[in-house]
Amino acid sequence: MKSPKMILTAGAVILRDPATPFTAAYHADDFAVDRFAAAMKIKLAKKRDQGRGGWEDKAACSQADLSKMLVQHVAKGDPVDVANLAMMLHQRGELIASPTASTPLAWYWEDKTGCFHMVMDRADVQEMAAEFFCDPKPLYPEAPLPAVNLWKTMDTAPRNGTAIQAWHTVHKCPISILWNKKGHEFNGETLHWFERSYTTVWPEHVFSHWMPLPSQPAPEGGAA
């Protein structure tokens, strides 16, 4: 019988017999989560040794503070730190607060019958909680969607006759062009990028970026 395979995950050893296939009872997902949880525990213990803690105390550590730290750690790139902060919010019954919101729009809570209540002009939230025996949660505005940049560098442009929008660096405007394999000879150079009407041909260096053509506008009262 083969000995269980020892897997070192950030200092934690997790055992699994390599001869035993994953089953519905213990899926590969379960194994991955167990390994990840071990890495999370090690990082948490390390931070406790450094004097960090208190995330479970909502009076000392707010939802906004935890959410801000989570977003900051996303930029730093360590998924274990992000997971630990997400765990803290989850265990407190909170969502990740919008980074664009400094104060909640309102506070809401659920009563014993399952009905939700919301207040917008109650300054003393702690008094409200004591009065209604509830755990009010902040309601933040929805974060705006990030702007989508569709421009790509010309070295990635399709060279199969597909019409595209290209940014002309001299005219400072987009032009609809397409690639023609045969091209056109001009001053000893073969030019391949034609305006869609084939009235003008351009050297590639005058274009810096390209993007797909936009879809046609939808007619009034219906889809395109």
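Bear in mind that the values here come from a model prediction, so they are computed numbers and not experimental data.

**Q** Explain the pairing of strand S4 (residues 116-119) residue by residue, including any values.
**A** Side-chain direction in a regular strand flips from residue to residue, so the side chains alternate between the two faces of the sheet. Bridge count between strand S3 (residues 106-110) and S4: four bridges; the pairing is antiparallel. Residue pairing across strands places Tyr 108 opposite Met 118, the latter belonging to S4.

**Q** Quick rundown of a positive patch on the surface? Include the residues and the values.
**A** A grouping of Lys 46, Lys 47, Arg 52 and Lys 76 is seen on the molecular surface, where their side chains present a positively charged patch. Inspection of the secondary structure assignment puts Lys 46 in helix H1 (residues 28-49). By relative accessible area, Lys 46 is classed as partly exposed at 48%.

**Q** Can you tell me about the pairing of strand S7 (residues 164-168), naming the residues and giving the values?
**A** Most of S7 sits inside the fold, with four of its five residues counted as buried. For S7 and strand S8 (residues 173-186), the ladder comprises five bridges, and the chain directions are antiparallel. What sits directly across from His 168, in S8, is Cys 173. Alignment of S7 against strand S11 (residues 207-212), held across four bridges, turns out to be antiparallel. Directly across from Ala 166, in S11, lies its bridge partner Trp 210.

What counts, and where the lines are drawn
- Residues numbered from 1 in each chain as written.
- Predicted model: local features only at pLDDT ≥ 70, side-chain atom pairs only at ≥ 80, totals over all residues.
- Heavy atoms only, no water.
- Pairing = 2+ DSSP bridges.
- Helix = DSSP H or I, 4+ residues; strand = E, 2+ residues; numbered from the N terminus.
- Patch = residues over 30% accessible without salt bridge, like charges linked within 9 Å, V, L, I, M, F, W, Y side chains within 5 Å.
- Areas by Shrake-Rupley, 256 points an atom, 1.4 Å probe, with all protein chains shown as cover.
- Salt bridge = Lys/Arg side-chain N within 4 Å of Asp/Glu carboxyl O.
- Lys, Arg positive; Asp, Glu negative; His and termini not counted.
- Charge placed at Lys NZ, Arg CZ, Asp CG, Glu CD.
- Buried < 20%, exposed > 50% of the residue type's maximum accessible area, 1.4 Å probe, protein only.

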